[in-house]
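Topology and contacts: notes
Listed below, chain by chain, are the residues.
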Amino acid sequence: MLATAAAIEIPVTVGCVVLLLALVLVLRWRWFHLRAPSRRPHTKVEEGVSFLGSVSLAIPALGLLWNNPVELSGALAAGAVPTAVFAGYLALRWRR
């Protein structure tokens, strides 16, 4: 979603909405794991990866917020970073 939005020329307001939706997805998944009954508490590594996942959304957001479209390959590479961090967080939470 972020890679596609960064590769095409969209208005800044739409880019902000896309970024906000991605941030809500990441934060909502984390809050789900924090509040769900019978879930183990987060470790320090999981807390760090969760924070890094939210912050890494800034990499593809640079093209969205300043209305600076990039090539599709660059947008896919920028979108792969938060995706990999989020997948790492899910793998850490899944391990037990």
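Throughout what follows, the structure given in this document is the object of discussion. (Residues numbered from 1 in each chain as written. Predicted model: local features only at pLDDT ≥ 70, side-chain atom pairs only at ≥ 80, totals over all residues. Heavy atoms only, no water.)

**Observations regarding the pattern of salt bridges**
- Inspection of the entire model under this criterion finds 2 salt bridges.
- For Glu 47, the salt bridge identified is with Arg 30, shortest N-O distance 2.5 Å. Here Glu 47 is found in helix α3 (residues 44-55), whereas its partner Arg 30 is found in helix α2 (residues 12-35), with 17 residues between them in sequence. (Salt bridge = Lys/Arg side-chain N within 4 Å of Asp/Glu carboxyl O. Helix = DSSP H or I, 4+ residues; strand = E, 2+ residues; numbered from the N terminus.)

**A few points about the nonpolar core**
- Within the largest apolar cluster, 13 residues are counted, with the highest numbers of intra-cluster contacts made by Leu 2, Ala 5, Val 18, Leu 57 and Leu 64.
- Taken together, the elements giving at least two residues each to this core come down to α1 (2-7), α2 and α4 (58-65). (Core = buried A, V, L, I, M, F, W, Y, C linked by side-chain atoms within 4.5 Å. Buried < 20%, exposed > 50% of the residue type's maximum accessible area, 1.4 Å probe, protein only.)

**Let's talk about helix α5 (residues 72-94)**
- Given a rise of 1.5 Å per residue, 23 residues ought to cover 33 Å, and the 32 Å separating the end C-alpha atoms of α5 matches this to within 8%.
- Residues of α5 that are buried: Ala 75, Ala 78, Gly 79, Pro 82, Val 85, Tyr 89 and Arg 93.
- The secondary structure elements touched by the buried residues of α5 are α1, α2, α3 and α4. (Expected span 1.5 Å × (residues − 1). Contact = heavy atoms within 4.5 Å.)

**Comments concerning the environment of Ala 6**
- Summarising the element assignment, Ala 6 is placed in helix α1.
- The class for Ala 6 is buried, based on a relative accessible area of 4%.
- Once the C-alpha coordinates of Ala 6 and Ala 77 are considered, the two residues, 71 residues apart in sequence, prove to be 11 Å apart.
- The residues contacting Ala 6, other than those within four sequence positions of it, are Pro 60, Leu 64, Pro 69, Val 70 and Ala 75.

As far as function goes, none of this settles anything; it's purely spatial.
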